[in-house]
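Architecture at a glance
This is what each chain is made of:
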Amino acid sequence: MFISNLIPGEPVLSWLLVIIAANLILYFIRQSAHELLDNLTQMIIQNLKLLSHALVKTAKQMNRRNREVLLEHGKQQAERELERQFIRLGTLVEKDLARYPTIQRNIEQNISHMEDKLSQTSEVPAPLPEWTEAVESITRLKDTTKNDAVVGKLLQAIYEAFHKQQGEVLGTYRQDIAKRHTLLKGAMGHWRHLIHKISQLHKQWQHLNDQAQKIDLQVERFENMVQGTDKAERLLKASNTTQFVISLVVMVIAGFGAFVNYNLIALPMSELMPATSQVAGYNVADIGAAVIIMLEITVGLFFMEAIGITRLFPVIHFMEDKKRMIWAWVCITFLLALCGVEAGLAYMRETMVADKAMLTSFLVGGEEAASTAAAAEHSNIPMIGQMTLGFVLPLILMFVAIPFESFIHTGRHVVGGLIVNLCIFVSTALRSLAVFMKQFNKSLKHIYDILCFAPLWVVNLIENKPKSLKTVVTDEQEPLALESDDAKSSKSKKKDAAIHLNQEAK
Amino acid sequence: MKQLLITLSIVFALTACTEHKPTTGLYLLLDTSGTYTKELKKAQQIINYYLAQLEPGDSFAVARIDSGSFSETDIIAKVTFDQRPSRANEQKRVFSATISQFIETVKSSAYTDISGGILLAKEYLNETGADKKFIMVFSDMQEELPKGYKRDFELSLPDYEVIALNVTKLRSDNQDPAQYMQRLKDWQQRIEQSGGKWRMINDLEREQSLAL
């Protein structure tokens, strides 16, 4: 080795010489090396801090924007709910008010009927019998024997007539009372009808009242949204996350449905599209099947938008009602056509599978086996099942528009929240890295000092002599670019002590 | 205008992305010399197996090895399957029927010109433009040429895989197995020197070994 032969025949001495030389070089460039390390570290730390600040700022901006979007979305939802409540209330009032004249007429009729009945039942006193005057006249006759027999007979006749008439009057009176009772009994029905109508009215008013209370709550919520209160934000956040998870789950289920649908039509598509062409490693036929499913979903989305269930496309949503309905009819026609195509493809699939099975039989067992397989009874249930699935699945997939809308709206906030958290996390990590770099720099400097410990030790010995206190002070005055506050304070203490010692020495 | 340009660019990009699906070209040579014709029933099963395996767009040809195999008249059946699976299935039925008829009526030949057959197979597979090219030789690999036939040329088989199927042992091989080993070794060397790959399948019952 070159170093071992620096002094020929003296490898140990050669090594010692090299080590001493290295130590001295390290000592002489110590200050520059320390400064270089400090500068490099400072540069890295400053960049890290800058990045960290930028991330925190981004997180804050993102948070603010998220809040705005969240409240805006909440406001839209509240508007929709409020609108729906008003529509319900309007329908209710319209329906009830339309019936009020009928009810009122009914009640009035019932009341007039009852009044009639009551007037009919009013009691008319029975007329006094006319013979009472005759009796009075007879009693005024002179009491003579001549008249006794005649009077007696008259009185007897009057008595009998009186009894007879009394009986008749009593009978008539009783009949009248029975009639009145019958009339009153007839009025009972009107009473009941009246009570029923009034209770019905009460219920309707109660319902209206409930709706009004609900609207009050909605309006209160809407006001909170408009004001952007913390409570509204908290409620919206919780609601949004739940909605996001639910819509995600539903969309995953719909994804499986789409997968089943894809498998149903992928094979027969090879009859319609070139089987030997590929795009990005995938068969054109398979891509065609996937495109058909995507088209079905798209048409389904448009249809749901046109009938006002979702609000993903403002162009469709703000169309005139008539045009929107025409659009809806066009969409459903296309969708049904695609459903028909899928059912046809499902049928073709079954035919192709059967043909393949026949071919295999033919290749394995010859014509006999093929004709036996053809003659065997086949159930049509799988084919009917596949055709039904082919027709129904696109219609079911159409409903994915609802969770999709929810997913898009809530996803914006959830993803935004995740990015904010990520920014904060990375910012914290960068700050930690900056602290680590600071400590690492210190450690490097210490390691450097260890490498050239011998000259440092010697210098320290020389400097620690009492008369060289000045130089200690001078050395201590050299500032380091990167020093912590503690280090600085300890140094200042040392400096004070050195000055004190110097003064004492003087 | 901008949107139209973007749409057109996407359409062109997709069209440019459309590529040809890798196709397979398979050429099976059937040895019809001497007593080997008895083995042809096995060959029919193998042909039917590959008919079931091949897909639309693939090419398949079966030719006989006789005294002078470098002739189109030795091709028994050849087909490039239609892109529509139903039409391809129909072609497979016809192909299978043709092979069946040939095996029933085959007459043994006096000589075995394997090299000529391989050369014809190479020409056919080149014409089909198949991405993966396989030449299968259903024979005992004992080449016997009529007088005056020259077959000591360079085969040049890059991108080809030559598969020897059902290489039966001759009576002389039983007496001296080294002959059999040497025969196979010679063929392997010849194919590999021509740039092709060599494979031998004797156990025709194993589906894995038959896979292309």
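Residues numbered from 1 in each chain as written. Chains lettered and ligands numbered in written order. Predicted model: local features only at pLDDT ≥ 70, side-chain atom pairs only at ≥ 80, totals over all residues.

**Here's the deal with the overall build of chain A**
Scanning chain A from terminus to terminus reveals 13 helices and two strands. Looking at chain A as a whole, 16% of its 506 residues are labelled buried. Contacts in chain A between residues far apart in sequence, at least 24 positions, make up 77% of those at least 6 positions apart. (Helix = DSSP H or I, 4+ residues; strand = E, 2+ residues; numbered from the N terminus. Buried ≥ 20, exposed ≤ 12 C-beta atoms within 10 Å, placed from the backbone. Contact = placed C-beta atoms within 7 Å.)

**Examining the packing of helix α8 (residues 321-375) of chain A against helix α9 (residues 381-398) of chain A**
Residue and element names in this part refer to chain A. Running from amino to carboxyl end, α8 crosses α9 at an angle of 150°, the nearest separation of the two axes being 8 Å. As the angle between them shows, α8 and α9 are arranged roughly antiparallel. In this structure, α8 meets α9 at a crossing whose hand is right-handed. Residue-level inspection shows Leu 335, Leu 338, Cys 339, Glu 342, Ala 343, Leu 345, Ala 346, Tyr 347, Arg 349 and Glu 350 of α8 in contact with α9, the latter providing Pro 382, Met 383, Gln 386, Met 387, Leu 389, Gly 390, Phe 391, Pro 394, Leu 395 and Met 398. Considered class by class, the residues forming the contact of α8 with α9 number 15 nonpolar, two polar and three charged. (Axes fitted to C-alpha atoms, helices over the stretch in contact; angles between N-to-C directions. Parallel < 35°, antiparallel > 145°, perpendicular 65-115°, else oblique. Left-handed = near helix turned anticlockwise from the far one by under 90°. Nonpolar A, V, L, I, M, F, W, Y, C, P; charged D, E, K, R; others polar.)

**So, the confidence of the model for chain A**
Residues and elements named next belong to chain A. Predicted confidence across chain A gives a mean pLDDT of 83, with 88% of residues reaching 70 or more. In the model of chain A, helix α12 (residues 469-477) stands out as the element of lowest mean pLDDT, 49, in contrast to helix α6 (residues 284-306), which has the highest, 93. Considering only residues more than four positions removed or in separate chains, one finds that residues 472-487, a stretch of pLDDT under 50, has 21 contacts. (pLDDT = per-residue confidence, 0-100.)

**Side note on unusual backbone geometry**
Most peptide bonds are trans, and most residues other than glycine sit at a negative phi. Residues and elements named next belong to chain B. One non-glycine residue with positive phi stands out, namely Met 141, at about 65°. Mapping Met 141 onto the fold places it in the loop between β5 (132-138) and β6 (160-165). Overall, the presence of 20 C-beta atoms within 10 Å leaves Met 141 in the buried class.

**A few points about α9(A)**
Residues and elements named next belong to chain A. With 18 residues, α9 should reach 26 Å at 1.5 Å per residue; the first-to-last C-alpha distance of 26 Å fits that figure. The axis of α9 is deflected most strongly, by about 30°, at Val 392, and proline Pro 394 appears within four residues downstream. Where α9 is concerned, the buried positions are Gln 386, Met 387, Gly 390, Leu 393, Pro 394, Leu 397 and Met 398. Check the buried side of α9 and you find it contacts α5 (230-272), α6, α8 and α10 (401-451). (Expected span 1.5 Å × (residues − 1). Bend = angle between axes of the 7 residues up to and from the residue.)

**Considering the sheet that holds strand β2 (residues 282-283) of chain A**
Here we have three strands laid out as an open sheet, ordered β2(A)-β1(A)-β1(B), and antiparallel in their pairing. The open sheet terminates on both sides in strands that have one partner only, identified here as β2 of chain A together with β1 (18-20) of chain B. Direction of pairing for strand β1 (residues 277-279) of chain A relative to β2(A): antiparallel, over a ladder of two bridges. Considered in β2(A), the bridge of Gln278(A) is made with Asn283(A). (Pairing = 2+ DSSP bridges.)

**Some words on the interface of chain A and chain B**
With 18 residues of chain A at the interface, the matching set in chain B holds 20 residues. Secondary-structure elements contributing two or more residues to the side of chain A that touches chain B are α5, β1 and α8 of chain A. With eight residues, the top contributor of residues to the side of chain A that touches chain B is α8(A). Classifying every residue of the side of chain A that touches chain B by side-chain character gives nine nonpolar, six polar and three charged. Two elements, β1(A) and β1(B), share three bridges in a ladder whose sense is antiparallel. Bridge assignment links Gln278(A) to a residue of β1(B), and that residue is Glu19(B).

**Observations concerning the sheet that holds strand β7 (residues 197-201) of chain B**
For sheets, the rule is that strands pair by backbone hydrogen bonds, running either parallel or antiparallel. All names here are of chain B. One open sheet accounts for six strands, arranged β4-β3-β2-β5-β6-β7; its pairing is mixed. In this open sheet, the two strands that pair with only one neighbour each are β4 (75-80) and β7. If you compare each strand with its neighbour and ignore which way they point, the axes differ by 15° on average. Relative to β7, β6 runs parallel, the two being bridged by five bridges. In the sheet register, Glu 161 faces β7, and the bridge partner there is Lys 197. Of the strands in this sheet, β2 (24-31), β3 (59-65), β5 and β6 are in contact with helix α2 (residues 40-53), which crosses β2 at around 170°. Of the strands in this sheet, β2, β3, β4, β5 and β6 are in contact with helix α4 (residues 114-128), which crosses β2 at around 160°.

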